[in-house]
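Analysis of the macromolecular model
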Protein chains: 2
Amino acid sequence: MDTMKSIIQRYQHQRVTLVEAGATRHQSIFNGLKVLAGDHPHSQLPTPQVVIIHDAVRPFVEEDVLVRVVTAAKDHGAAGAIRPLVSTVITPSADGYLDQSLDRAKHRASEMPQAFLFDVIYRAYCQCSDYDMEFGTECLHLALKYCHTKAKLVEGSPDLWKVTYRRDLYAAESIIKDRISQQICVITDTKEDAGCIGFLQELLKKEIEVKGTSVTLCPNGRDLQKVFQGDCYNFVCINMRSSDFQETSKLLDELENAAPSSLYPVAVVSVHFLDFQNVSFSERMKELKEMKDLAKEVKKQNVFLYGLLISFTQDNPQQLQENVRQGASIITSLIKDRNAELTGQLLVA
Amino acid sequence: MDTMKSIIQRYQHQRVTLVEAGATRHQSIFNGLKVLAGDHPHSQLPTPQVVIIHDAVRPFVEEDVLVRVVTAAKDHGAAGAIRPLVSTVITPSADGYLDQSLDRAKHRASEMPQAFLFDVIYRAYCQCSDYDMEFGTECLHLALKYCHTKAKLVEGSPDLWKVTYRRDLYAAESIIKDRISQQICVITDTKEDAGCIGFLQELLKKEIEVKGTSVTLCPNGRDLQKVFQGDCYNFVCINMRSSDFQETSKLLDELENAAPSSLYPVAVVSVHFLDFQNVSFSERMKELKEMKDLAKEVKKQNVFLYGLLISFTQDNPQQLQENVRQGASIITSLIKDRNAELTGQLLVA
């Protein structure tokens, strides 16, 4: 309960009401319905026409299937998402032998979300036997048994999978990383579109949707806010003319204003084109130290900052092209991996 | 077929025979059985007592369940792995409404592997109707229908999951990365066990099983071969006294001899303790260039080489401890991520 409260507070959710869970799935659902029915002393919530029941372990549900189960519930009293079976279902005998195998084509797996007219599902739970309450799993079954409501079945998508095993956590993490790595916003301090900056952008576009380039950051940060609300979690800040982090620091300030608490880590790659022959080691080390300190600071706001030096070999255009190409691969892989331990590093292409 | 042949050749499998697939699952299985029955003109294979049927999409099967289905098949003629149902199974009516929901506790999902006495499954396939051949999915069902053999059902583990969707590929990749990141072999060029090397090892041990430290590499590589055969895919080479890559180069040579073709990428982290105040920038850049070239070279043998400089602040032991701590985190995350694009980089702690 405390964990849930802290999540709601942290992300400033306004329309969430928490209800104490019960000992079983059905008891928990019933507790939620009671609050909506106005049976609960402190409840201020109006009774809805339709309720959706969903599992927290299916976080990738799409809006489309929610709309379809709600619409079907309005028309038919109850509706639930179904999926084809992935394995054959069999009936074992009491001593552990195969008794019967069911025809896979004639059966479906019942998944979530499900939607009900409030009256239907509330009446069903009010009449529910103790046995159903304790051992039952299927809400559609309760609506059928106690209210004679035949649920309309709606084909769901593979997104409705349950995060059950450790492998599912791995998959969920990769899916989220994949989703937030789809777009990058490139920011430069130069208007020069041709040359290596243009080439770098071309290469990035092949891998990721590049969202737009602003020559300088808008002082009030409104542009950035728009980018951010468009679900862009990745920024590449190209410093062509300055070798310090001025532009990057500015971006980081703006980011903090635009999105004070981001659900996902934001990746910022600070790119510097540098002629390695013209810089001193002590200068480099000072910058690396600065970069590390800055990265440590912004990590608290869930911003992952990485540095990338691209060797600007003016006298060798072929080598330069190769370096830019490697730089693009490094940027893409930093964004996709979002490795928390590598923040503050200065990579070299 | 060519892909399979090239895999067999690449990893030098000696005991694999390929058989052309059929248009359906059952036809493919039958093709395999025919070769074992000696019906095939070029077949040299003896007919076995028991055959195991398995899906390539279940790559994480454990030896234990294979033993159990084979043993049960010897006793009962047929056996298959089962798992609890993850969703309720329902029967939809023709017009898409809920007709019936099955009691989850009374049913199981039939998975692979399955095992059969050769005679039982071969006789079943020989009698199989065209309809079964085309639309059937369940081998246990064929044994029951055509040979009246009631399969013994064996409880399987969650490892038997099917790699079906994109999310499953993500999960499979993470599971493999996880498995090959369980052990590291630490190699140093100094006998000094106390101080920062000892501390670094302590920290690594907290995250990963550290497999053993050899002061110098054994000249004939026999030690390394043993480590390698013990499924160790990770090496940390600590260069305390030299700032060049001598020790690391030696390790890489040995690795190439010990494991000319590794199924998984081998991660090598070359760690250097360095007093940053005593090195010149041009020297550093030369080394970085060397590291990059070396990394590019060994990547062809599926070895991922990363460099890590740990700042050796002799006058500030607290800072040194902090640096070593960060170094350990970087090593662990490099090994776990196995990012191909970051090979050849020189990270700094």
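Everything discussed here concerns the structure shown above.
This section reports on the structure supplied with the text.

Scanning chain A for helices and strands turns up twelve helices and twelve strands. Split into buried and exposed, the 349 residues of chain A put 50% on the buried side. Here chain A has roughly 17,400 Å² of accessible surface; of this, 50% comes from carbon and sulfur atoms.

A few words on the environment of Leu66(A). Residue and element names in this part refer to chain A. Among the secondary structure elements, Leu66 is positioned in helix α3 (residues 63-76). With 241 residues separating them along the chain, Leu66 and Gly307 place their C-alpha atoms 42 Å apart. Excluding residues that lie within four positions of it along the chain, Leu66 makes contacts with Ile52, Val61 and Pro113.

In this section: helix α3 (residues 63-76) of chain B. All names here are of chain B. Here α3 spans 20 Å end to end across 14 residues, near enough to the 20 Å set by a 1.5 Å rise per residue. Turning to α3, its buried residues are Val65, Val69, Val70, Ala72 and Ala73. All buried residues of α3 fall inside an arc of 165° around its axis, so they share one side. The exposed residues of α3 that point more than 90 degrees off its buried face are Glu63 and Asp75. If you follow the buried residues of α3, they end up packed against β1 (50-53), β2 (78-84), β5 (108-117) and β6 (152-155). The positive-phi residue at the C-terminal boundary of α3 is Gly77, with phi of around 95°.

Under the counting rule described, the total for this entry stands at zero disulfides over all chains. With no disulfide of its own, Cys232(A) has Cys185(A) as its nearest cysteine by sulfur position, at a separation of 5.6 Å. Lacking any disulfide linkage, Cys147(B) is separated from the closest cysteine sulfur, that of Cys126(B), by 9.3 Å.

What follows deals with the packing of helix α2 (residues 25-37) of chain B against helix α4 (residues 118-127) of chain B. Residue and element names in this part refer to chain B. Packing of α2 against α4 leaves a shortest axis separation of 10 Å and a crossing angle of 125°. On the basis of the axis angle, α2 is oblique to α4. In this structure, α2 crosses over α4, and the sense of that crossing is left-handed. On α4, the residues that touch His26, Ile29, Phe30, Leu33, Lys34, Leu36 and Ala37 of α2 are Phe118, Ile121, Tyr122, Tyr125 and Cys126. Here the contact of α2 with α4 is built from residues that sort into ten nonpolar, one polar and one charged.

Glancing now at the packing of helix α8 (residues 195-207) of chain A against helix α12 (residues 317-337) of chain A. When two helices pack together, their arrangement is captured by the angle between the axes and the distance separating the axes. Residues and elements named next belong to chain A. Running from N to C, α8 and α12 point in directions that differ by 45°, and their axes come no closer than 9 Å. In this view, α8 runs oblique relative to α12, as classed from their interaxial angle. Remark: the crossing between α8 and α12 carries right-handed chirality. Of the residues in α12, those in contact with Cys196, Phe199, Leu200, Leu203, Leu204 and Glu207 of α8 are Leu320, Gln321, Val324, Arg325, Gly327, Ala328, Ile331, Thr332 and Lys336.

With 65 residues of chain B at the contact, the number on the chain A side is 65 residues. Both sides together, the interface formed by chain B and chain A hides about 6,000 Å², and carbon and sulfur atoms give 58% of it. Inspection of the chain B/chain A interface yields two salt bridges. Between Asp99(A) and Lys150(B) there is a salt bridge, with its nearest N and O atoms 3.2 Å apart. Each residue belonging to the side of chain B that touches chain A can be placed in one class, and the counts come to 30 nonpolar, 17 polar and 18 charged. Pairing analysis gives three bridges linking strand β3 (residues 88-92) of chain A to β5(B), with the strands arranged antiparallel. Directly across from Val89(A), in β5(B), lies its bridge partner Ala109(B).

Mapping between the two chain copies consists of a rotation about an axis together with a translation along that axis. Of the transformation superimposing chain B on chain A, the axial component is 0.0 Å and the angular component is 180°, with the fit at an RMSD of 0.0 Å. What we have between these two chains is a two-fold relation. Interface overlap between copies is the fraction of interface residues in one copy that are interface residues in the other; for chain B against chain A it reaches 100%, indicating a shared surface.

The next thing to look at is unusual backbone geometry. Residue and element names in this part refer to chain A. Put simply, Met112 and Pro113 share a cis peptide bond, and its omega is 5°. Summarising the element assignment, Pro113 is placed in strand β5 (residues 108-117). For Gln12, which is not a glycine, the phi torsion comes out positive at approximately 50°. Its place among the elements puts Gln12 in the loop between α1 (2-10) and α2 (25-37). Given a relative accessible area of 54%, Gln12 falls into the exposed group.

The pairing of strand β3 (residues 88-92) of chain B with strand β4 (residues 98-101) of chain B spans three bridges and is classified as antiparallel. If you follow Pro92(B) over to β4(B), its bridge partner there is Leu98(B).

Let us now look at the pattern of salt bridges. Residue and element names in this part refer to chain A. Under the definition given, this model contains 26 salt bridges over all chains. Two residues, Asp55 and Arg25, come together in a salt bridge whose shortest N-O distance is 2.9 Å. Residue Asp55 is found in the loop between β1 (50-53) and α3, and its partner Arg25 is found in helix α2; the two are separated by 30 residues along the sequence. For Asp55, a relative accessible area of 10% translates into the label buried.

Residues and elements named next belong to chain A. The element β5 is largely enclosed, with a buried count of eight among its ten residues. The pairing of β1 with β5 spans four bridges and is antiparallel. Paired with Ile53 across the strands is Gln114, a residue of β5. In this sheet, β5 lies alongside strand β2 (residues 78-84) in antiparallel orientation, the contact comprising six bridges. Each bridged residue has a counterpart across the sheet, and for Ala78 the counterpart in β5 is Phe116.

Another point: the packing of aromatic side chains. A full pass over the atoms with the stated rule returns 14 aromatic pairs over all chains. For the pair Phe60(A) and Trp161(A), a centre-to-centre distance of 5.7 Å together with 10° between the ring planes defines the contact as stacked. A residue pair is termed long-range when its members are at least 10 positions apart, and Phe60(A) in the loop between β1 and α3 and Trp161(A) in the loop between β6 (152-155) and α7 (166-179) qualify at 101 residues. The exposure classification of Phe60(A) matches that of Trp161(A), with both residues buried. Pairing Phe30(B) with Tyr122(B) gives two aromatic rings, centres 6.2 Å apart and planes at 50°, and the pair type is tilted. In this pair, Phe30(B) is assigned in helix α2 and Tyr122(B) in helix α4, connecting sequence segments 92 residues apart. Tyr122(B) matches Phe30(B) in its accessibility class, with the two residues each being buried. The structure contains a cluster of three or more aromatic residues connected by ring pairs, namely Phe30(A), Phe118(A), Tyr122(A) and Tyr125(A).

Thresholds, definitions, all that
- Every chain is numbered independently, its residues counted from 1 as its sequence is written.
- The lettering of chains begins at A and the numbering of ligands begins at 1, in the order of writing.
- Whole-chain, interface and lining totals are the exception, using all residues; otherwise, since this is a predicted model, local features are given only for residues with pLDDT of at least 70 and side-chain atom pairs are given and counted only at 80 or more.
- With hydrogens and water excluded, all non-hydrogen atoms of the structure serve as input to the side-chain values.
- To qualify as a helix, a DSSP run of H or I must reach at least 4 residues; to qualify as a strand, a run of E must reach at least 2; elements of each kind are numbered from the N terminus.
- Exposure categories follow from relative accessible area, calculated using a 1.4 Å probe and restricted to protein chains: below 20% of the type maximum is buried, above 50% is exposed, and the middle band is partly exposed.
- Calculation of accessible area relied on Shrake-Rupley with a 1.4 Å probe; when residues are assessed, cover is drawn exclusively from the protein chains displayed.
- Contact between two residues is taken to exist if any of their heavy atoms lie within 4.5 Å; hydrogens are not considered.
- The span expected for a helix works out to 1.5 Å for each residue beyond the first.
- Arc definition: it is the arc formed by the directions from the helix axis to the C-beta atoms.
- To count as a disulfide, a pair of cysteine sulfur atoms needs to be within 2.5 Å.
- Orientation is described by lines fitted to C-alpha atoms, with helices fitted over the stretch in contact, and by angles between N-to-C directions that extend from 0 to 180 degrees.
- Should an angle lie under 35 degrees it is considered roughly parallel, over 145 roughly antiparallel, and from 65 to 115 roughly perpendicular; all remaining angles are considered oblique.
- In a left-handed crossing the near helix is turned counterclockwise from the far helix by less than a right angle, and in a right-handed crossing that turn is clockwise.
- For this classification, Asp, Glu, Lys and Arg are treated as charged, while Ala, Val, Leu, Ile, Met, Phe, Trp, Tyr, Cys and Pro are nonpolar and the rest, including Gly, are polar.
- Take the accessible area each of two parts loses on contact, using a 1.4 Å probe, and add the two losses: that sum is the buried area.
- Put simply, a salt bridge is a Lys or Arg side-chain nitrogen that is within 4 Å of an Asp or Glu carboxyl oxygen.
- Pairs of strands are assigned from DSSP output, requiring at least two bridges between the strands.
- Superposing copies: least-squares fit, C-alpha atoms only, residues required to have pLDDT of at least 70 in both.
- For Phe, Tyr and Trp, where Trp contributes only its six-membered ring, two rings pair if their centres lie within 6.5 Å, and the inter-plane angle classes them as stacked under 30 degrees, edge-to-face over 60, or tilted in between.

Honestly, that's just the spatial picture; any functional story needs more than this.
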